[in-house]
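# Summary of structural features
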Amino acid sequence: MDRLWAPWRINYIRGKKQKRCIFCDAAIDKKKDYVIFKTLYSTAILNIYPYNNGHIMVSPKRHVRDLTQLADAEALDLFKALSKTKKLLNRVLKPEGYNIGINLEKSAGAGIAAHIHIHIVPRWQGDTNFMPIFNNTRVISQSLKELFKQLKNAQSKTD
């Protein structure tokens, strides 16, 4: 069996499983880790288990599980927050493309099905290599802490 050393995952494995919603916590807590910005109705937060460098999730502040439950003002704000996130990632990481998606319900791949959120994943030509193909493993090249600092710094310059 091949092994990949990933000591940062031990906190997730051993830690108490959070019963509270991470998106609701991020919307309420002003000092919540990795919150990039908040708008009137939305929050943008780094994914701490990213698919690729710069993976951010944008969610409504209100705890809803489906787009149809959003008021028009919330839906508009959510997509404006998504656009703002993309502009911020363009400025900081300069990706060549994006995967942007919403997984509705567990059967569609939603890790947190109870609170709708949009994934925005920056992509670069050649950002996949042999690791995912042979080892089902993705290499993330930058720490969350470093990326968070860069995004917050860029964010402060646009406010």
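Let me begin by describing the structure that accompanies this report.

## Here's the deal with the overall build of the protein
The secondary structure content of the protein amounts to five helices and five strands. Starting at the N terminus, the α and β elements of the protein follow one another as α-α-β-β-β-α-β-β-α-α. The burial tally for the protein puts 36% of its 159 residues in the buried class. For the protein, long-range pairs separated by at least 24 residues make up 61% of all intrachain contacts whose partners lie at least 6 apart in sequence. Summing over all exposed atoms, the protein offers an accessible surface of approximately 10400 Å²; the carbon and sulfur share of this is 55%.

## As for the pairing of strand β1 (residues 35-38)
Pairing between β1 and strand β2 (residues 42-46): three bridges, direction antiparallel. From the neighbouring strand, Phe37 faces β2, where its bridge partner is Ala44. Hairpin remark: β1 followed by β2, antiparallel, with three residues in the connecting loop.

## Notes on the nonpolar core
Counting residues in hydrophobic clusters, the biggest one holds 22 residues, and the most contacted among them are Ile36, Leu46, Ile56, Val58, Leu89 and Leu151. Each residue touching Ile56, except ones within four places of it in the same chain, is listed here: Ile36, Ala44, Ile45, Leu46, Asn47, Thr85, Leu89, Ile118, His119, Ile120 and Leu151. Residues Cys21, Phe23, Ala26 and Val35 belong to the second largest nonpolar core, which totals seven residues.

## Focus: the side chain of Glu74
Relative to the helices and strands, Glu74 is located in helix α3 (residues 72-93). Its relative accessible area of 8% is what places Glu74 among the buried residues. Only 2.8 Å separates the side chain of Glu74 from the backbone nitrogen of Ala71, close enough to count as a polar contact. Here Glu74 is in contact with Tyr41, Arg62 and Gln69, once residues within four sequence places are set aside.

## Some words on the sheet that holds β2
One open sheet accounts for five strands, arranged β1-β2-β3-β5-β4; its pairing is antiparallel. Looking along the sheet, the strands with just one partner apiece sit at the ends: β1 and β4 (97-101). Put simply, the sheet's adjacent strands are angled 20 degrees from each other on average, direction ignored. Across three bridges, the pairing between strand β3 (residues 56-60) and strand β5 (residues 118-123) is antiparallel.

## Thoughts on helix α5 (residues 144-158)
Helix length check: α5, at 15 residues, gives a terminal C-alpha distance of 21 Å against a target of 21 Å (1.5 Å per residue), a fit within 8%. For α5, the complete set of buried residues consists of Leu144, Leu147, Leu151, Ala154 and Gln155. All buried residues of α5 lie within an arc of 105 degrees about the axis, which places them on one face of the element. Projecting away from the buried face of α5 at angles above 90 degrees are the exposed residues Lys145, Lys149 and Lys157. Looking at the buried residues of α5, the elements they touch are β1, β2, β3 and α3.

## Comments concerning the packing of α3 against α5
The geometry of α3 relative to α5 is characterised by a closest axis approach of 10 Å and an angle of 115 degrees between their N-to-C directions. Taken together, the axes of α3 and α5 are roughly perpendicular relative to one another. For the crossing formed where α3 meets α5, the hand is right-handed. In this structure, α3 contributes Lys84, Leu88, Leu89, Arg91, Val92 and Leu93 to the contact, and α5 contributes Leu147, Gln150, Leu151, Ala154, Gln155 and Thr158. For the contact of α3 with α5, the per-class residue count stands at seven nonpolar, three polar and two charged.

Criteria and cut-off values
- Residues numbered from 1 in each chain as written.
- Predicted model: local features only at pLDDT ≥ 70, side-chain atom pairs only at ≥ 80, totals over all residues.
- Heavy atoms only, no water.
- Helix = DSSP H or I, 4+ residues; strand = E, 2+ residues; numbered from the N terminus.
- Buried < 20%, exposed > 50% of the residue type's maximum accessible area, 1.4 Å probe, protein only.
- Contact = heavy atoms within 4.5 Å.
- Areas by Shrake-Rupley, 256 points an atom, 1.4 Å probe, with all protein chains shown as cover.
- Pairing = 2+ DSSP bridges.
- Core = buried A, V, L, I, M, F, W, Y, C linked by side-chain atoms within 4.5 Å.
- Polar contact = N/O pair within 3.5 Å; in protein donor to acceptor, adjacent residues only side chain to side chain.
- Axes fitted to C-alpha atoms, helices over the stretch in contact; angles between N-to-C directions.
- Expected span 1.5 Å × (residues − 1).
- Arc of directions from axis to C-beta.
- Parallel < 35°, antiparallel > 145°, perpendicular 65-115°, else oblique.
- Left-handed = near helix turned anticlockwise from the far one by under 90°.
- Nonpolar A, V, L, I, M, F, W, Y, C, P; charged D, E, K, R; others polar.

Bear in mind that shape data such as this cannot, by itself, settle questions of function.
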